[in-house]
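Architecture and fold: a report
Now for the letters of each chain:
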Amino acid sequence: MINVTKTYLPDVEKFKQYVDKIFDSGWITNNGQMVKELEKRLKEYLGVKHIILVSNGTLALQVAYKLLDLTGEVITTPFSFVATTSSLVWEGLKPVFVDIDSDTFCLDYNKLEEKITRNTSAILPVHVFGNGCEVEEIDKIAQKYDLKVIYDAAHAFGVKYKGESILNYGDVSVLSFHATKVFHTIEGGALIINEDQLYDKARKLINFGITGPDTIDGIGINAKMNEFQAAMGLCVLDDIENIIKGRQKVYENYLNEFSGINQIKLQVINKNCTQNYSYFPIVVSSEKVLLKIKEKLEANNIYPRRYFYPSLNTLSYVDEYEANNSYNISNNILCLPIYYNLELEQQQKIIKIIKENV
Ligand SMILES: *Cc1c(COP(=O)(O)O)cnc(C)c1O
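Calculation rules
Counting restarts for each chain: residues are numbered from 1 in the order of the written sequence. Local features in a predicted model are, by the rule used here, given only for residues with pLDDT of at least 70; side-chain atom pairs are given and counted only at 80 or more, and totals for whole chains, interfaces and linings are based on all residues. The basis for every side-chain value is the complete set of heavy atoms in the structure, and neither hydrogens nor water enter the calculation. When a residue's accessible area, from a 1.4 Å probe over protein chains only, is under 20% of the maximum for its type it is buried; when over 50% it is exposed; and in between it is partly exposed. Runs of E in the DSSP output that reach at least two residues are strands. Runs of H or I that reach at least four are helices, and both are numbered from the N terminus. Two strands form a pair only when DSSP identifies at least two bridges running between them. UniProt positions are given in the numbering used here, feature names are shortened, and annotations may be inferred rather than shown by experiment. Whether two residues are in contact is decided by their heavy atoms: any pair within 4.5 Å suffices. Each axis is a line fitted through C-alpha atoms, taken for helices only over the stretch in contact, and angles between the N-to-C directions span 0 to 180 degrees. Marked domain ranges trace back to an automatic or database domain assignment. Each of two parts loses accessible area, computed with a 1.4 Å probe, when they are put together; buried area is these two losses added. Here, a salt bridge means any Lys or Arg side-chain nitrogen found within 4 Å of an Asp or Glu carboxyl oxygen. Think of a polar contact as two N or O atoms within 3.5 Å of one another; within protein, one of them needs to be a possible hydrogen donor and the other a possible acceptor, and neighboring residues in sequence only count if both atoms come from side chains. All amino acids are sorted into three groups, where Ala, Val, Leu, Ile, Met, Phe, Trp, Tyr, Cys and Pro are nonpolar, Asp, Glu, Lys and Arg are charged, and the leftover types, Gly among them, are polar. Site definitions follow a grid-based scheme: protein atoms alone, a 1 Å grid, a 1.4 Å probe that fits but cannot get out for cavities, and for pockets an open set with protein on both sides within 12 Å along at least five of seven lines, plus lining residues having an atom within 4 Å of a point. Grid points are joined across faces, edges and corners, and a volume is the space filled by probe spheres set on the points.

**Description of the pairing of strand 2 (residues 50–54)**
Taken residue by residue, a regular strand's side chains alternate between the two faces of the sheet. Counting buried positions along strand 2 gives 5 out of 5 residues, so the element sits mostly inside the fold. Where burial is concerned, the two faces of strand 2 agree: the one with His 50, Ile 52 and Val 54 and the one with Ile 51 and Leu 53 are both buried. In the sheet, strand 2 pairs with strand 10 (residues 189–193) via 5 bridges, with the strands oriented antiparallel. The partner of Ile 51 across the bridge, within strand 10, is Ile 192.

Next up, the structure:
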């Protein structure tokens with residue numbers, strides 16, 4: 001069986017050594033040695049000033065909204081994983097959707113300004129499939145209207161914009177380290193924050209607002225990462241170069257095979273960005289064609305995924321907004337299997353089935 005992704009499992013003996021250390025220390029959560037070590041190593045690897053590890057990416061988003069005191073409306077994209085929108089609604093905020101660019105699949109910054117009202121407090125774009133947004137244009141608009149910017153960077157681990165981490169843009173960037181992502185800690189996530197004071201405040205927020213043995217400074221939540229998650233992260237981080245290299249090989253083979261095929265539209269990558277090869281989406285001419293391809297692949301035990309489907313502006317719990325690009329792409333997009341050790345022979349079978357049915 002071939003799935004859209006395969007969780008990377010590091011050397012089990014190495015993981016056991018970390019587990020032994022955790023047992024020796026008796027310290028299994030609450031900002032322990034493993035979490036501290038992983039934060040230090042990730043800061044270096046990613047090239048960011050501050051990082052706070054948390055238990056998952058969705059909580060990282062929720063903490064970011066509280067951290068920046070968001071209220072009212074937040075402008076976001078309908079083309080993302082459901083958590084981008086559901087976390088807003090969960091926190092009592094109103095998602096206002098701006099359509100995506102049909103080439104990059106990222107929020108179309110040209111359509112941003114017309115959605116800004118007196119009630120807008122922030123912009124929440126997504127680096128879709130690791131493809132960086134036009135961060136300079138978005139930041140310009142945010143500054144003009146005094147809005148906060150949170151980037152849902154769940155897919156953008158290690159991505160650079162003009163040679164520097166893309167995670168340094170905006171007030172906060174949020175990462176997900178779920179088992180299906182390029183880099184993972186089983187479940188997990190992180191907040192990337194530039195400003196020192198915000199960073200200090202976020203530290204409190206993820207731990208109930210506790211600042212000392214007998215002091216509580218404001219409201220907080222429990223979003224802490226535990227030591228076993230961090231141990232997994234340390235093991236996976238050792239191998240990250242190979243993971244990305246393996247994915248790149250698969251990605252480039254797909255790219256090579258599908259370039260120039262008129263019936264298949266590929267994502268246009270931001271020229272200023274590097275890639276982490278986390279996804280390989282194809283957009284076909286109709287939903288009918290998509291379902292046919294999916295059926296044929298599944299008959300061969302190959303399971304691509306309809307990422308992202310449905311378009312989030314059609315969710316039952318949001319207000320109606322038009323977003324035709326997102327709607328059309330959602331209906332016709334398929335993310336193909338891609339992971340570090342997908343065998344060439346298997347990949348050629350996938351490519352053949354698609355070419356025959358497109
Ligand atoms: C995975 C993902 C999330 C949620 O992260 P979890 O760690 O699964 O909670 C949020 N946004 C996007 C775009 C994602 O892909």
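More follows now that the structure is in view.
**Thoughts on the UniProt feature "modified residue: N6-(pyridoxal phosphate)lysine" (unreviewed entry) in the protein**
As recorded in UniProt, the sites labelled "modified residue: N6-(pyridoxal phosphate)lysine" (unreviewed entry) are Lys 181. Counting through the fold element by element, Lys 181 comes out in the loop between strand 9 (172–176) and strand 10. Here Lys 181 falls in the buried class, since its relative accessible area comes to 17%. Ignoring sequence-local partners within four residues, the contact set of Lys 181 consists of Ala 154, His 155, Ser 176 and Tyr 279.

**Side note on the sheet that holds strand 3 (residues 73–76)**
One open sheet holds the 7 strands; their spatial order is 2-10-9-6-5-3-4, and the pairing between them is mixed. Each of the sheet's edge strands pairs with one partner strand only, and the pair in question is strand 2 and strand 4 (94–97). Between one strand and the next, the sheet's axes are offset by a mean angle of 25 degrees, whatever the strand orientation.

**Some words on the domain arrangement of the protein**
Examined at the domain level, the protein breaks down into domain 1 (2–238) and domain 2 (240–357). The gap between the C-alpha centroids of domain 1 and domain 2 is 24 Å. Of the roughly 4500 Å² buried at the junction of domain 1 and domain 2 (both faces included), carbon and sulfur atoms supply 61%. Together, Ile 2, Val 4 and Phe 129 form the three largest contributors to the area buried by domain 1 at its contact with domain 2, with a combined 20%. Along the contact surface separating domain 1 from domain 2 lie 2 salt bridges. Between Asp 103 and Lys 265 there is a salt bridge whose closest N-O contact spans 2.9 Å. The interface formed by domain 1 and domain 2 contains 28 residue pairs in polar contact (both at pLDDT 80 or more). Partitioned by chemical class, the residues of the side of domain 1 that touches domain 2 number 26 nonpolar, 13 polar and 10 charged.

**Description of unusual backbone geometry**
With the exception of glycine, most residues fall at negative phi, and the peptide bonds are largely trans. Cis rather than trans, the peptide bond between Tyr 307 and Phe 308 has omega equal to -10 degrees. Checked against the element boundaries, Phe 308 lands in the loop between strand 15 (302–303) and helix 10 (324–332). A cis amide bond links Tyr 309 with the next residue in sequence, Pro 310, at an omega value of -5 degrees. Inspection of the secondary structure assignment puts Pro 310 in the loop between strand 15 and helix 10. Even without being a glycine, Asp 69 presents a positive backbone phi close to 55 degrees. Inspection of the secondary structure assignment puts Asp 69 in the loop between helix 3 (57–67) and strand 3. With a phi close to 65 degrees, Asn 301 is a non-glycine residue in the positive phi region.

**Quick look at the layout of surface pockets**
Estimated volume of the largest pocket: approximately 430 Å³. Along the walls of the largest pocket sit 26 residues, with Phe 81, Ala 154, Ser 176, His 178 and Lys 181 positioned nearest its centre. Among the elements of the structure, helix 3, helix 4 (82–90) and strand 9 are those that each provide at least two residues to the lining of the largest pocket. Ranked by residues supplied to the lining of the largest pocket, first place goes to helix 3 with 3 residues. Split by domain, the residues of the lining of the largest pocket number at least three in each of domain 1 (2–238) and domain 2 (240–357). Of the volumes computed, that of the second largest pocket is approximately 230 Å³. Lining the second largest pocket are Asn 30, Asn 31, Val 35, Glu 39, Leu 53, Arg 203, Ile 206, Asn 207, Ile 210, Lys 224 and Met 225. Across the lining of the second largest pocket, the residue classes tally to 5 nonpolar, 3 polar and 3 charged.

**Description of the sheet that holds strand 16 (residues 333–335)**
In a beta sheet, neighbouring strands pair by backbone hydrogen bonds and run either parallel or antiparallel. Strand order in the open sheet formed by 3 strands is 13-14-16, and the pairing between neighbours is antiparallel. Both outer strands of the open sheet, strand 13 (265–266) and strand 16, are each paired with one neighbouring strand and no more. The pairing of strand 14 (residues 281–283) with strand 16 spans 3 bridges and is antiparallel. Bridging across to strand 16, Pro 281 finds its partner in Cys 335.

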